[in-house]
Amino acid sequence: MSKRKSAIVGVVESVSPKSLVVVVKRKEKNWLGKYVAKSSKLHVHDEKSEASKGDIVKMVPSRPHSKQKTWELDSVLEKSVEDITEKGAI
């Protein structure tokens, strides 16, 4: 039986050709029992360059594409407002 790869959702911070930097935010309990906001920056491979800055994306783990890129873009869940206005949708 194969294990299913876990997907993570985050916001695109910067875009390069075939690469994205995505910020993933979460809340963790500290030693006092209070919740503290934490974030991680993940480098994501985007073969078709379909995501842009500010988009909410879903990514899955993959084979290493480079030293830091070990995630691959699965889908763009929500386009940014700036991207929609540039294309004339609003």
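Residues numbered from 1 in each chain as written. Predicted model: local features only at pLDDT ≥ 70, side-chain atom pairs only at ≥ 80, totals over all residues. Heavy atoms only, no water.

K.L.:
Got a sec to walk through the overall build of the protein chain? Specific residues and values, please.
P.N.:
Secondary structure summary: the protein chain contains one helix and five strands in total. Moving toward the C terminus, one meets the helices and strands of the protein chain in the order β-β-β-β-β-α. Within the protein chain, the proportion of its 90 residues that are buried is 27%. For the protein chain, the exposed surface amounts to about 6800 Å²; the carbon and sulfur share of it is 53%. (Helix = DSSP H or I, 4+ residues; strand = E, 2+ residues; numbered from the N terminus. Buried < 20%, exposed > 50% of the residue type's maximum accessible area, 1.4 Å probe, protein only. Areas by Shrake-Rupley, 256 points an atom, 1.4 Å probe, with all protein chains shown as cover.)

K.L.:
An account of the confidence of the model for the protein chain is requested, with residue identities and associated values reported.
P.N.:
Summarising the model, the protein chain shows a mean pLDDT of 90, and 86% of its residues fall at 70 or more. Taking the mean pLDDT of every element in the protein chain, the minimum, 70, falls on helix α1 (residues 81-86) and the maximum, 97, on strand β3 (residues 35-45). (pLDDT = per-residue confidence, 0-100.)

K.L.:
Outline the pattern of salt bridges, supporting the account with residue identities and numerical values.
P.N.:
A complete count under the given rule lists five salt bridges for this structure. A salt bridge links K18 to E47; its shortest N-O distance comes to 3.2 Å. Here K18 is found in the loop between β1 (8-16) and β2 (19-29), whereas its partner E47 is found in the loop between β3 and β4 (56-61), with 29 residues between them in sequence. Looking at E47, the relative accessible area reads 48%, which means it is partly exposed. K79 serves as the salt-bridge partner of D55, at 3.4 Å between the closest nitrogen and oxygen. On the criterion of sequence distance, the pair formed by D55 in the loop between β3 and β4 and K79 in the loop between β5 (71-78) and α1 is long-range, its members being 24 residues apart. (Salt bridge = Lys/Arg side-chain N within 4 Å of Asp/Glu carboxyl O.)

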